[in-house]
Structures are given as C-alpha cells and as structure tokens.
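A structural walkthrough
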Amino acid sequence: MITSWDIIMLVHAMGITYRVPRVLDRWSLITSCDPVNLCDACRDERRKVMHEAAQFEVYGAFGSALMVMLEAMAWFIKPLIPASRKAFRKERLPTCSKGTCLAHTGQAAT
Ligand SMILES: [Zn+2]
C-alpha cells in the first residue's frame, strides 16, 4: 500500500540524490579556485562554505556528509516551507552574476 507520504519521501530522496553531486561539484570548484576569478556572490558563498566546513570538520567525514545533506535538503524544503530558511539559518545568497565568473564558466579566465 503506497501512501502519498511514501511518494513524498521518494521524491525527496531522489531530489537529494540529484542535488548532492551538484552541490559537491560547485563547492569543490569554488573552494579550490582563486577567489579573484569569482564574482562577488560566489566569493561570498566560498567564504560561507569554507566557514561551515571548518565547523563541521569537528565531526570528521560524517560532518562533511551532513553538511552536504543539509544543503541539498534545504534546497528541497525551501520552496515548500518559507520558514525552513530560518530553520536552516540559510540566507539566500545573491545569485551568480555569470559573465566571467569561474563558477559560471567552469574554467579560469585566461
Ligand atoms: Zn559567480
């Protein structure tokens, strides 16, 4: 017997599975590159990610996984419950200004 709750959980799990590699890709890109190649919004995100990573580091590998899961879940829940923004203490960062930003092009400007 499949209830609507099962469907919600399934969609939720798929959403996270879909989202996690993207979160990791983006974070590894913006944290490993030179911040001068990033726009202001992405530089802010870089600082935030590195700050959070330092806090979660206390928990070791589990902490890193938890941090990524929270980020992926926040993305999923946010559109449904506006209050979740407060719960996750995540403020919407200004979006990437694109252009020559490394996070947008995926490669350093030459
Ligand atoms: Zn950017």
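Heads up: the structure comes first, above all this text.
Now for a description of the structure that goes with this document.

Things to note about the overall build of the protein chain
- Within the protein chain, the secondary structure is distributed over five helices and zero strands.
- For the protein chain, the sequential pattern of α-helices and β-strands runs α-α-α-α-α.
- Counting only residues that meet the buried cut, the protein chain has 30% of its 110 residues in that class.
- Contacts spanning at least 24 positions in sequence make up 54% of the contacts within the protein chain whose residues lie at least 6 apart.

Concerning the nonpolar core
- One finds W27, L38, C39, C42, C101 and A103 to be the most contacted residues of the largest nonpolar core, which totals 19 residues.
- Elements with a contribution of two residues or more to this core: helix 1 (4-32), helix 2 (40-56), helix 3 (60-77) and helix 5 (102-105).
- In terms of residues, this core owes the most to one element, helix 1, which gives five residues.
- In contact with A103, other than residues within four places in its own chain, are R26, L29, I30, L38 and C42.

Some words on helix 2
- Between its first and last C-alpha, helix 2 extends 24 Å over 17 residues, near the 24 Å set by a 1.5 Å rise per residue.
- Burial in helix 2 covers these residues: A41, C42, E45, R46, V49, E52 and F56. For helix 2, the arc enclosing every buried residue in end-on projection is 140°, short of the 170-degree limit, so these residues lie on one face. Of the residues in helix 2, the exposed ones pointing more than 90 degrees away from the buried face are D40, R47 and H51.

Observations regarding the coordination of the zinc ion
- The zinc ion binds to the protein through C39 (SG), C42 (SG), C96 (SG) and C101 (SG), with metal-donor distances spanning 2.2 to 2.3 Å.
- Positions of the donor residues of the zinc ion along the chain correspond to the pattern C-x2-C-x53-C-x4-C. Of this pair, C42 sits in helix 2 while C101 sits in the loop between helix 4 (84-87) and helix 5, and the two are 59 residues apart along the sequence. The burial state of C42 is the same as that of C101; both residues are buried.

Some remarks on the pattern of salt bridges
- All told, the structure shown has four salt bridges when counted by the stated rule.
- Between D40 and R43 there is a salt bridge; the shortest N-O distance is 3.7 Å. Of this pair, D40 and R43 both sit in helix 2, separated by three residues, roughly a single helical turn.
- Of the residues examined, D40 reaches a relative accessible area of 58% and is grouped as exposed.
- E52 is the partner of K48 in a salt bridge, and the nearest nitrogen-oxygen pair spans 3.8 Å. Here E52 and K48 lie together in helix 2, a separation of four residues that amounts to about one turn.

Conventions adopted
Residues numbered from 1 in each chain as written. Predicted model: local features only at pLDDT ≥ 70, side-chain atom pairs only at ≥ 80, totals over all residues. Heavy atoms only, no water. Helix = DSSP H or I, 4+ residues; strand = E, 2+ residues; numbered from the N terminus. Buried < 20%, exposed > 50% of the residue type's maximum accessible area, 1.4 Å probe, protein only. Contact = heavy atoms within 4.5 Å. Core = buried A, V, L, I, M, F, W, Y, C linked by side-chain atoms within 4.5 Å. Expected span 1.5 Å × (residues − 1). Arc of directions from axis to C-beta. Donors = N, O, S within 2.8 Å, 3.2 Å for Na, K, Ca; no water. Salt bridge = Lys/Arg side-chain N within 4 Å of Asp/Glu carboxyl O.

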